[in-house]
Amino acid sequence: MHTIDLRSDTVTQPPPAMRHAMANADVGDDVYGEDPTVNRLQALAADLLGKEAALFVPSGTMGNLICLLVHCERGDEYIVGNAQHTYLYEAGGASAVGSIHPWVIPNQPDGTLDPADIEAGIRPDDPHAPRTRLIALENTHNRMGGRLLPPEFLWTVRAIADRHGLRLHCDGARLWNAAVALGVEPAVLAEPFDSLSVCLSKGLAAPVGSLVVGNRDFIAEAVRKRKLLGGGMRQAGVLAAAGIVALTEMRDRLAEDHANAQRLAEGLTALGYRVLHPVETNIVIFEQPDESAPNERAARWRTQGLLINSIGERRYRAVTHYGITEADIEQALDIIQRVG
Ligand code: TLP
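Residues numbered from 1 in each chain as written. Predicted model: local features only at pLDDT ≥ 70, side-chain atom pairs only at ≥ 80, totals over all residues. Heavy atoms only, no water.

K.L.:
Any details on the overall build of the protein? Residues and values, ideally.
P.N.:
Scanning the protein for helices and strands turns up 14 helices and 13 strands. A compact globule built from 340 residues should have a C-alpha radius of gyration of about 20 Å, and the protein, at 20 Å, falls within 12% of that. For the protein, the C-alpha atoms occupy an extent of roughly 60 × 50 × 35 Å along the three principal directions. Counting only residues that meet the buried cut, the protein has 54% of its 340 residues in that class. Here the analysis covers contacts within the protein between residues at least 6 apart in sequence; of these, 74% occur between residues at least 24 apart. Here the protein has roughly 14100 Å² of accessible surface; of this, 49% comes from carbon and sulfur atoms. If the 32 positive side-chain charges of the protein are averaged to one point and the 43 negative ones to another, these points end up 4 Å apart. (Helix = DSSP H or I, 4+ residues; strand = E, 2+ residues; numbered from the N terminus. Rg over C-alpha atoms; globule rule 2.2 N^0.38 Å. Buried < 20%, exposed > 50% of the residue type's maximum accessible area, 1.4 Å probe, protein only. Contact = heavy atoms within 4.5 Å. Areas by Shrake-Rupley, 256 points an atom, 1.4 Å probe, with all protein chains shown as cover. Lys, Arg positive; Asp, Glu negative; His and termini not counted. Charge placed at Lys NZ, Arg CZ, Asp CG, Glu CD.)

Below, the structure written as structure tokens:
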């Protein structure tokens, strides 16, 4: 049976060009800084994002944590949205590993934070309070249905950060999707930030890897934190080679994933499901029309080869990606219509 896997864009398989590049990569010991392919990937990412330097790391979770650890000391506070991945899905790493205290404010339905909430969360200079150090955003916003944060909003938050001497971090796991959807260069979306963590292993289909970007001093310290977390890799050029193909050949095609997500959302709406957010990129969050347990429905779809994650409250998340064609979307809608 043909499987249509809409659980995440993390399930993508590396395309042939990537496997070929991996097999033929020049490698060295990257902990010595001697892997030529890793060095090429890092230079490419820094250039694409308009930053001085980049660091290859094993995952987006580690990328975000490294950035938080560089920006914040133990007991410092960072401002984060209540639906952001860093806060929700990273095993509490900021506090567990860094003793960094989160100040959590509501994410708006479009994935932004209310500037008034940010301002209100910044601590006074008072020995009773933790020191606010950092504001963290997420672009695109996963839990808000892949919504993208437009440059105007990013600059509004940058201005707040500057007024209060704070740093600004972006979880840009899917920044590439935002750039394609907005028709801008990734550097435009990276410019307001001191640091970003961006992923190669989501829609860009690399098997492993993320990059942290920032200025040279920031990255020098990030190297130390990566080592601390056990993320220093040796002949990692085998993986970086896939990352180079991801960045050079896989970004433009994300538009196809966005079109497929649109099609899926339209079809679901026609079948009586409620799509919760305007679909701007490759994620569709939707709600079932009745009270039955979401797990039952997802299990029925699974028997027909359709994999979609239930995210609670009668809601589901479907993610389009390199492994999903237009025909798959039609078939997925057909399965949902047939089995309910
Ligand atoms: N997200 C995964 C799950 O963990 C939810 C997914 O399937 O979407 N930031 C964002 C915005 C992410 O969506 C993810 C992965 C990460 C960071 C973490 O990346 P990895 O999985 O490489 O640690």
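Past the structure itself, the notes keep going.
K.L.:
Tell me about the side chain of Asp-35, and name the residues and values.
P.N.:
Positionally, Asp-35 belongs in the loop between helix H1 (16–23) and helix H2 (36–49). Despite being buried, Asp-35 has no salt bridge partner; Arg-40 is the closest side chain of opposite charge, sitting 8.1 Å away. Among the polar contacts listed, one links the side chain of Asp-35 to the backbone nitrogen of Gly-28, at a separation of 3.2 Å. In this structure the side chain of Asp-35 is engaged in a polar contact, spanning 3.5 Å, whose partner is the backbone nitrogen of Ala-236. (Salt bridge = Lys/Arg side-chain N within 4 Å of Asp/Glu carboxyl O. Polar contact = N/O pair within 3.5 Å; in protein donor to acceptor, adjacent residues only side chain to side chain.)

K.L.:
Let's hear about the nonpolar core: which residues, and what values?
P.N.:
Generally speaking, nonpolar side chains in soluble globular proteins are found buried as a group. If you look at the biggest cluster of nonpolar residues, it comprises 52 residues, and the most contacted ones within it are Phe-56, Ile-118, Ile-135, Leu-137, Leu-200, Leu-211 and Leu-247. Among the nonpolar cores identified, the runner-up in size contains 22 residues, and Leu-6, Ala-261, Leu-268 and Val-284 belong to it. (Core = buried A, V, L, I, M, F, W, Y, C linked by side-chain atoms within 4.5 Å.)

K.L.:
Can you break down the site of the ligand residue by residue, with the values?
P.N.:
As a matter of local geometry, the ligand sits amid 14 residues, with Ser-8, Thr-61, His-85, Asp-171 and Arg-317 nearest to it. Contact distances for the ligand include 2.9 Å between an oxygen atom and a side-chain N or O atom of Asn-142. Interatomic distance of 2.8 Å between a side-chain N/O atom of Arg-317 and an oxygen atom of the ligand. Here the ligand, which alone exposes 520 Å², has 80% of that area covered by the protein. Ranked by residue count, the leading element in the shell around the ligand is helix H3 (residues 60–71), at three residues. (Near = heavy atom within 4 Å.)

K.L.:
For the packing of aromatic side chains, give the residues involved together with the corresponding values.
P.N.:
A full pass over the atoms with the stated rule returns four aromatic pairs. Here Phe-286 and Trp-301 contribute two aromatic rings whose centre-to-centre distance is 6.3 Å and whose plane-to-plane angle is 40°, an arrangement assigned as tilted. In this pair, Phe-286 is assigned in strand E10 (residues 283–287) and Trp-301 in helix H13 (residues 294–303), connecting sequence segments 15 residues apart. Plain terms: the ring middles of Trp-301 and Tyr-316 are 4.9 Å apart, the flat faces sit at 55° to each other, and that makes the pair tilted. Linking Trp-301 in helix H13 with Tyr-316 in strand E13 (residues 315–319), this pair joins segments that are 15 residues apart in sequence. (Phe/Tyr/Trp six-rings, centres within 6.5 Å; stacked < 30°, edge-to-face > 60°.)

K.L.:
With reference to specific residues and values, describe the sheet that holds E10.
P.N.:
What the four strands build is an open sheet, ordered E9-E10-E13-E12; its pairing is antiparallel. Sheet topology places strand E9 (274–275) and strand E12 (309–312) at the edges, where each strand pairs with a single neighbour. Helix-sheet contacts for helix H12 (residues 254–270) involve E9, E10 and E13, and the interaxial angle to E10 is about 10°. Here H13 sits on the sheet and contacts E10, E12 and E13; the angle it forms with E13, its principal contact strand, is near 35°. (Pairing = 2+ DSSP bridges. Axes fitted to C-alpha atoms, helices over the stretch in contact; angles between N-to-C directions.)

K.L.:
Quick one: what's the story with the sheet that holds strand E8 (residues 210–214), residue by residue and with numbers?
P.N.:
The sheet built from seven strands is open, its strands ordered E2-E8-E7-E6-E5-E3-E4 with mixed pairing. Since the sheet does not close on itself, it has two edges, and those belong to strand E2 (53–57) and strand E4 (101–105), each with one partner. With strand direction ignored, the average angle separating the axes of adjacent strands in the sheet is 20°. Two elements, strand E5 (residues 132–138) and strand E6 (residues 167–172), share five bridges in a ladder whose sense is parallel. Residue pairing in the sheet places Leu-134 in a bridge with Arg-167 of E6. In this fold H2 packs onto E2, strand E7 (195–199) and E8, with an angle of close to 125° to the strand it touches most, E2.

K.L.:
An account of the environment of Ala-23 is requested, with residue identities and associated values reported.
P.N.:
Inspection of the secondary structure puts Ala-23 in helix H1. For Ala-23 and Leu-239, which are 216 residues apart along the polypeptide, the C-alpha to C-alpha distance reads 9.6 Å.

K.L.:
Any chance you could break down the packing of helix H8 (residues 175–182) against H12 for me, citing the residues and the numbers?
P.N.:
Each pair of packed helices can be summarised by the angle the axes make with each other and by the distance between the axes. Taken N-terminus to C-terminus, the directions of H8 and H12 make an angle of 80°; their axes are 9 Å apart at the nearest point. Comparing the axis directions of H8 and H12 gives the class roughly perpendicular. On H12, the residues touching Trp-176, Asn-177, Val-180 and Ala-181 of H8 are Leu-254, Ala-255 and His-258. Partitioned by chemical class, the residues of the contact of H8 with H12 number five nonpolar, two polar and no charged. (Parallel < 35°, antiparallel > 145°, perpendicular 65-115°, else oblique. Nonpolar A, V, L, I, M, F, W, Y, C, P; charged D, E, K, R; others polar.)

K.L.:
Tell me about the pattern of salt bridges, residues and numbers included.
P.N.:
All told, the structure shown has 21 salt bridges when counted by the stated rule. Of the charged contacts, one joins Glu-221 and Arg-224 as a salt bridge, the two residues approaching to 3.9 Å between their closest N and O atoms. Of this pair, Glu-221 and Arg-224 both sit in helix H10 (residues 216–228), separated by three residues, roughly a single helical turn. Classification of Glu-221 by relative accessible area gives partly exposed; the value is 30%. Given the relative accessible area of 59%, Arg-224 is considered exposed. Here Glu-221 and Lys-225 are joined by a salt bridge, their closest N and O atoms 3.8 Å apart. Of this pair, Glu-221 and Lys-225 both sit in helix H10, four residues apart, which is roughly one turn of that helix. Among the ionic contacts, a cluster of salt bridges with common partners joins Arg-158, Asp-162 and Asp-194.

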